[in-house]
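A closer look at the structure
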Amino acid sequence: MNGSKTHPASAGRRLGILLSGRGSNFEAIARNVATGNLNAEIALVFSNRPSAPGLARARELGFAVASIESSNIDREAYDRQVAALLEEHAVDLVCLAGYMRLLSGAFVARFPQRVLNIHPSLLPAFPGLDAQYQALAHGVKVAGCTVHFVDEHLDGGPILLQAAVPVHDDDTAETLSARILVEEHRLYSEAIAWVLAGNYRVEGRRVLKT
Ligand code: GRF
């Protein structure tokens with residue numbers, strides 16, 4: 001299921017996926033690459049957690065994988081190592097997919113408008129951890145997910161795409177997360193395709209179609 005077998009490498013379409021956990025967003029991207037729905041190549045799957053299930057899955061699927069344990073390393077020094085790995089694999093676009101680390105300003109500056117993140121809320125509502133739980137606790141009636149460019153602020157950069165889902169009275173954090181996840185799996189590949197197509201411009205916080 002290695003996308004590079006389905007689609008030969010083409011300039012500017014090499015993705016680096018950074019994850020820390022389960023990796024269902026990575027798998028959705030990999031599926032879309034394999035089926036030809038997303039014209040891209042996964043060049044590297046990286047994790048700050050060597051034991052991340054998503055990394056094991058990527059290895060199983062035959063992708064290039066790497067990990068560096070992140071405890072006890074200064075953030076900038078750590079990010080320099082990650083950036084070097086991504087550059088070694090000639091990554092054009094970095095996709096955070098459940099990557100549980102804030103990136104340093106230096107890392108973001110090294111990949112200007114080339115780092116995306118997916119977050120399980122309609123930002124700017126509920127940044128940070130347990131966004132679905134935060135949404136329930138706040139009593140919102142509509143929740144969702146956001147794909148955005150990454151800057152040095154937590155869940156902070158210009159928004160590419162959002163998708164909304166209803167919140168039901170009997171929802172738990174688990175049922176709401178599952179409903180949002182269905183949208184995440186669709187939305188992330190759509191946003192990646194848009195960025196790779198390049199038909200957008202960023203005006204302040206707004207990402208506009210061109
Ligand atoms: C997703 O909900 C994503 O929005 C958030 O972390 C979760 C990662 O899930 N950033 P998975 O590892 O992709 O399954």
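Now for a quick tour of the structure. (Residues numbered from 1 in each chain as written. Predicted model: local features only at pLDDT ≥ 70, side-chain atom pairs only at ≥ 80, totals over all residues. Heavy atoms only, no water.)

**Looking at the nonpolar core**
Ranked by size, the top nonpolar core spans 44 residues in total, and within it Leu15, Ile17, Phe26, Ile42 and Ile192 carry the most contacts. Per-element tally for this core: the top contributor is helix H7 (residues 173–197), with 9 residues. Discounting chain neighbours no more than four positions away, the residues touching Ile192 are Leu15, Ile29, Leu38, Leu93, Cys95 and Leu116. Counting residues in each nonpolar core, the second largest holds 21 residues, with Ala66, Val91, Phe111 and Val150 among its members. (Core = buried A, V, L, I, M, F, W, Y, C linked by side-chain atoms within 4.5 Å. Buried < 20%, exposed > 50% of the residue type's maximum accessible area, 1.4 Å probe, protein only. Helix = DSSP H or I, 4+ residues; strand = E, 2+ residues; numbered from the N terminus. Contact = heavy atoms within 4.5 Å.)

**As for the pairing of strand S8 (residues 200–203)**
In terms of strand pairing, S8 meets strand S9 (residues 206–209) through 4 bridges, oriented antiparallel. What sits directly across from Tyr200, in S9, is Lys209. The hairpin turn running from S8 into S9, its antiparallel successor, is 2 residues long, and Gly204 in that turn takes a positive phi close to 60 degrees. (Pairing = 2+ DSSP bridges.)

**Structural notes on the packing of helix H6 (residues 131–138) against H7**
Between H6 and H7, whose axes approach to 9 Å, the crossing angle comes to 120 degrees. Crossing of H6 over H7 shows right-handed handedness. Two secondary-structure elements touch here, H6 through Gln132, Tyr133, Ala135 and Leu136 and H7 through Ala173, Leu176, Ser177 and Ile180. Per-class residue counts for the contact of H6 with H7 are 6 nonpolar, 2 polar and no charged. (Axes fitted to C-alpha atoms, helices over the stretch in contact; angles between N-to-C directions. Left-handed = near helix turned anticlockwise from the far one by under 90°. Nonpolar A, V, L, I, M, F, W, Y, C, P; charged D, E, K, R; others polar.)

**As for the pattern of salt bridges**
Scanning all chains against the criterion turns up 8 salt bridges. Residue Glu27 pairs with Arg57 through a salt bridge whose shortest N-O separation is 3.0 Å. Taken as a pair, Glu27 in helix H2 (residues 24–34) and Arg57 in helix H3 (residues 53–60) lie far apart in primary sequence, 30 residues in all. Salt-bridge contacts for Arg57 lead to Glu60; the nearest nitrogen and oxygen are separated by 2.5 Å. Note that Arg57 and Glu60 are positioned in helix H3 at a spacing of 3 residues, about one turn of the helix. Since its relative accessible area comes to 60%, Glu60 is described here as exposed. (Salt bridge = Lys/Arg side-chain N within 4 Å of Asp/Glu carboxyl O.)

**Points about the layout of surface pockets**
Of the volumes computed, that of the largest pocket is approximately 950 Å³. As for the largest pocket, its lining consists of 38 residues, of which Gly98, Met100, Ile118, His119 and Pro120 are closest to the centre. For the lining of the largest pocket, the secondary structure elements donating two or more residues are H2, strand S5 (115–119), H6 and H7. For the lining of the largest pocket, the element with the highest residue contribution is H7, accounting for 6 residues. (1 Å grid on protein atoms, 1.4 Å probe; cavity = no way out; pocket = protein on both sides within 12 Å on 5 of 7 lines; lining within 4 Å. Points joined across faces, edges and corners; volume = space filled by probe spheres on them.)

**Here's the deal with the side chain of Ser70**
Structurally, the position occupied by Ser70 is in the loop between strand S3 (65–67) and helix H4 (75–88). Polar contacts involving the side chain of Ser70 include one to the side chain of Asn48, which spans 3.5 Å. Ignoring any residue separated from it by four or fewer positions in sequence, one finds Ser70 in contact with Asn48, Tyr78 and Arg101. (Polar contact = N/O pair within 3.5 Å; in protein donor to acceptor, adjacent residues only side chain to side chain.)

**As for the site of the ligand**
Near the ligand you find Arg22, Gly23, Ser24, Asn25, Gly98, Ile118, His119, Pro120 and Glu184, and these make up its full shell. Note that an oxygen atom of the ligand is positioned 2.7 Å from one of the backbone N or O atoms of Gly23. For the ligand, the accessible surface in isolation is 370 Å², of which the surrounding protein chains cover 86%. A majority-of-atoms criterion places the ligand in the largest pocket. Counting only elements with at least two residues in the shell around the ligand, the list comes to H2 and S5. In terms of residue class, the shell around the ligand is built from 2 nonpolar, 5 polar and 2 charged. (Near = heavy atom within 4 Å. Areas by Shrake-Rupley, 256 points an atom, 1.4 Å probe, with all protein chains shown as cover. Sits in = over half its atoms within 2 Å of the grid points.)

Everything listed is a geometric property; what it means functionally is a separate question.
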